[in-house]
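# Coordinate analysis (summary)
Residue strings, one per chain:
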Amino acid sequence: MHKFFPFLQWLSTYKKQYFSQDLVAGLTVGIILIPQGMAYAMIAGLPPVYGLYASLFPIIMYVFLGTSRQVAIGPVAMDSLLVAASLGTLAITSVENYIAMAIVLAFLVGVIQILLGVLKMGFLVNYLSRPVISGFTSAAALIIIFSQVKHLLGIQVERATYFHQLVVNVFTKLVETNPLDFLIGSVGILLILFLKRISKKIPSILIVVLIGIACVYFFKLEALGVSLVGTVPSGLPSFKVPNISVEIVTSLWPMAIALAMVGYLEAISIGKAMEEKTGEETIDANKELIAIGSSNVIGSFFQAYPVTASFSRSAINSEARAKTNLAALFSVVMVVVTLLYLTPVFYYLPKAVLASIIMVSVLGLIDFEYAKRLVNHRKDEFFVLIITFLITLFIGIKEGILIGVLISLLVMVYRTSNPHFAVLGKIKGTEYYRNITRFEDDIVIQDNLLIVRFDAQLYFANSAYFKKELEQYIQTKGIQLKGVILNAEAINYIDSTAANMLKKLMVELQSKNIEFYIAGAIGPTRDILYTSGIIEVLKKENLFVKTNEAVLQFNNPELKSDVGFKIAHQNRTNSD
């Protein structure tokens, strides 16, 4: 049962003193969750109440199935933007149809996440490299910020498919700005930033919400044209099966996959970050996929749109010293109380206040420092980041993710096809062999011996590069060369293409009376040397544990270490 229901693990060891900490943490997160949920629903293009619906059953499901004890899930800015982006390209005729599609999207995202978890495919998220994530999130942050400008300024802006169109649409409507909306939103932004600077423990979002509601109510700002959230339906969401059809699935599945991967990435990365702080490791990647997926599937039956882990709320949960997932249930209680009794209060909440909350929340997604470090030290990764950023910003979110991953893979292939290739020499007075370009003043080099190290696996993409580089080093040595030693410590795999290349190269060298040696091959590589037939061309006596042993053998053919020989030839195919 513990395997299928992770909550049993923390429930069996639950202590009385945990309750008060979970209670405080849960209520604190709940206070933030309510206005954030409503704000993020606006990003998704949904009525604010759907942010509250997404803060009920998905969270309850995670309490029972989640493997992290500090992660707080629910509506988040990134997923909300992806929902808006995926549905914005479809020809949806009414608000009701738009809501229905968002709910179906949550169901599809959940199904995909559950399938990935059951099939133990959590590793796929590793293909989203940090430069891709940073470029994507930075672009998404800008899109989110500009999508909220209309609420900040109190203007009507046409929906746009592309970021540059959105910017143009905003600037053409600037003359229609409502000064009161702009004032409320600006003060909201400044107040949140100011209170956060004083102390992160101050519930700045809640304070801004209460001030905004109070100003509208007491100063009758609705009559002056201030845009309000308006009527928020009271009561809990009813059970309803999502309206799924082949046409809807066909139109939504590409974005559902992107949402599933991004949502899981957010959850697992936030969970790992929380574990580093607490020192308690409980996250299981594949179970976490199932937990988030189940939250989305069950949530879709109760009118929730896609959810995942929230960094800001998880951080608050951790700082409030939550001990278990029970804290999330207290957050749900806060949302239930709000839906049953407090929705009339939110009628007076200015949309400009929600816009200020969103803008401050997503501003932290733009990581200038990381981009700066890449420019200075990893220009190839900066290229991946900037391409992902520009494509996400000006072409599309889905395209940004896909092309970013593709470019990352191409960069990886390029690196492995042109890896580091070093010529080694002996450091004076030691048995160590190091790169001659790094230790040139302390290196001893033999004119009749070439020692090289290849710092990557040998496979079809770099076998030609390996042969070309080695032949150039051999040619540089000239006619006095009598031996070549390959330090294979960094070679963890040799495919069939590279194995054939090595065998041909050895034959060529032998025809020129040049001996070829391999030193430092690890176990799996030694297995390949035998199974691929390389050992038959190489000869067993030319395989060594250490580079120094190979050099001694080259210089004194009569010398041989029986122990070294035995270790060098340990493999799965024999036990010499």
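The structure displayed is predicted, hence computed values, not measured ones.

Examined against the element boundaries, Lys 426 turns out to sit in strand S3 (residues 421-427). Taking relative accessible area as the criterion, Lys 426 reaches 30% and is therefore assigned partly exposed. Through-space distance from the C-alpha of Lys 426 to that of Lys 482 is 17 Å; in sequence the pair is 56 residues apart. Excluding anything up to four places from it in sequence, Lys 426 contacts Glu 431, Tyr 432, Tyr 433, Asp 442, Ile 443, Val 444 and Asn 548.

As a further point, take the packing of aromatic side chains. For the coordinates displayed, the defined rule picks out 19 aromatic pairs. Arranged with centres 6.0 Å apart and planes meeting at 90 degrees, the rings of Phe 107 and Phe 301 form a pair that is edge-to-face. Here Phe 107, found in helix H6 (residues 95-118), pairs with Phe 301, found in the loop between helix H13 (285-300) and strand S2 (308-310); they are 194 residues apart in sequence, far enough to count as distant. Residue class for Phe 107 comes out buried when judged on its relative accessible area of 18%. Geometrically, the ring pair formed by Phe 421 and Tyr 473 is edge-to-face, given 5.6 Å between the ring centres and 70 degrees between the ring planes. Within this pair, whereas Phe 421 is found in strand S3, its partner Tyr 473 is found in helix H20 (residues 463-477), the two being separated by 52 residues in sequence. For Phe 421, a relative accessible area of 8% puts it in the buried group. Given a relative accessible area of 24%, Tyr 473 falls into the partly exposed group. The positively charged end of Arg 130 is found above the aromatic ring belonging to Tyr 370, 3.9 Å away from the centroid.

What counts as what
- Position numbers for residues start from 1 in each chain and track the written sequence from start to end.
- Only residues with pLDDT of 70 or above have their local features reported here, since the model is predicted, and side-chain atom pairs are shown and tallied only from 80 upward, although totals for entire chains, interfaces and linings are computed over all residues.
- Only heavy atoms go into the side-chain values, all of them from the structure, while hydrogens and water stay out.
- Secondary structure elements follow DSSP: runs of H or I of four or more residues count as helices, runs of E of two or more count as strands, with numbering from the N terminus.
- Burial classes follow relative accessibility: with a 1.4 Å probe on protein chains only, a residue under 20% of its type's maximum area counts as buried, one over 50% as exposed, and anything between as partly exposed.
- Two residues qualify as a contact provided that any one of their heavy atoms is within 4.5 Å of a heavy atom in the partner residue.
- Two rings belonging to Phe, Tyr or Trp (six-membered ring only in the last case) form a pair when the distance between their centres is within 6.5 Å. Interplanar angles under 30 degrees mark stacking, angles over 60 mark edge-to-face geometry, and anything in between is tilted.
- We call a charge positioned above a ring when the Lys NZ or Arg CZ atom is no farther than 6 Å from the ring centre and deviates by at most 35 degrees from the ring normal.

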